[in-house]
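Letter by letter, the chains look like this.
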Amino acid sequence: MLPDQAPKEGEGVRAPFFGQPAYTMTLAARLAQTGATVILAYAERLHYGAGYHLYFLQPTGDKTIPAGVNREIERLILRCPSQYLWGYNRYKGVPETS
């Protein structure tokens, strides 16, 4: 699951993402509330097409609320910010009420 993807209307809430309200999916947090095991993962591209390093991490914060999920995604991004797709607009199409 890619919890930093903007959900469809009615499938998310506003939650802070790097200090700005972003329309955030609730599915990841709802799954965590059931007691499901949450594992964070990301791949770091190596220079000159030399492959990838794949990382698996345990969440350190509250993953049962959308704001907590966003904080975990921020934590992953800050580990390797040059490889995050900054052109992806997390703030587009944010409904005024959610």
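Residues numbered from 1 in each chain as written. Predicted model: local features only at pLDDT ≥ 70, side-chain atom pairs only at ≥ 80, totals over all residues. Heavy atoms only, no water.

(A) Focus on the side chain of Asn70. Tracing the sequence through the fold places Asn70 in helix α2 (residues 66–79). You can call Asn70 buried: its relative accessible area is 0%. Residue contacts for Asn70: discarding those within four places in its chain leaves Ala15, Pro16, Phe17, Thr24 and Arg90. (Helix = DSSP H or I, 4+ residues; strand = E, 2+ residues; numbered from the N terminus. Buried < 20%, exposed > 50% of the residue type's maximum accessible area, 1.4 Å probe, protein only. Contact = heavy atoms within 4.5 Å.)

(B) Region of the structure containing the nonpolar core. Counting residues in hydrophobic clusters, the biggest one holds 10 residues: Phe17, Ala22, Met25, Ala28, Ala29, Val69, Ile73, Ile77, Tyr84 and Tyr88. Contributions of two or more residues to this core are made by β2 (20–25), α1 (27–33) and α2. Ranked by the residues each element gives to this core, the list is headed by α2, at three residues. Sequence-distant contacts of Ile73, that is, excluding residues within four places in its chain, are made with Pro3, Asp4 and Phe17. Grouped together as the second largest cluster of nonpolar side chains are five residues, Leu40, Tyr42, Leu57 and Leu76 included. (Core = buried A, V, L, I, M, F, W, Y, C linked by side-chain atoms within 4.5 Å.)

(C) Layout of unusual backbone geometry. A positive phi is found at Phe18, a non-glycine position, where the angle reads about 50°. The residue Phe18 is located in the loop between β1 (12–17) and β2 in this model. Owing to a relative accessible area of 31%, Phe18 belongs among the partly exposed residues under this scheme.

(D) Highlighting the pattern of salt bridges. One pass over the full model with this rule turns up one salt bridge. Here Glu72 ties to Arg75 by a salt bridge, and the two come within 2.9 Å at their closest N and O atoms. Of the two residues, Glu72 and Arg75 are both situated in helix α2; the distance of three residues between them amounts to about one turn of the helix. (Salt bridge = Lys/Arg side-chain N within 4 Å of Asp/Glu carboxyl O.)

(E) Molecular detail of α2. The terminal C-alpha atoms of α2, which comprises 14 residues, lie 20 Å apart, in line with the 20 Å expected from a rise of 1.5 Å per residue. Of all 14 residues in α2, 10 are buried, a share of seventy percent or more. Along α2, the residues classified as buried are Pro66, Ala67, Gly68, Val69, Asn70, Glu72, Ile73, Glu74, Leu76 and Ile77. The elements touched by buried residues of α2 are β1, β2, α1, β3 (40–45) and β4 (52–57). (Expected span 1.5 Å × (residues − 1).)

(F) Layout of the packing of aromatic side chains. In the structure shown here, the tally under the stated rule is four aromatic pairs. Where Phe18 meets Trp86, the ring centres are 5.8 Å apart and the plane angle is 50°; that geometry is what we call tilted. Note that Phe18 is positioned in the loop between β1 and β2 and Trp86 in the segment after α2, a separation of 68 residues in sequence. When the ring of Tyr84 is compared with that of Trp86, the centres are 4.9 Å apart and the planes differ by 75°; the resulting orientation is edge-to-face. Chaining the aromatic ring pairs together yields one cluster made of Phe17, Phe18, Tyr84 and Trp86. (Phe/Tyr/Trp six-rings, centres within 6.5 Å; stacked < 30°, edge-to-face > 60°.)

(G) Broad picture of the environment of Gly49. Relative to the assigned elements, Gly49 resides in the loop between β3 and β4. A sequence separation of 10 residues divides Gly49 from Ile39, and the C-alpha atoms of the two residues are 26 Å apart.

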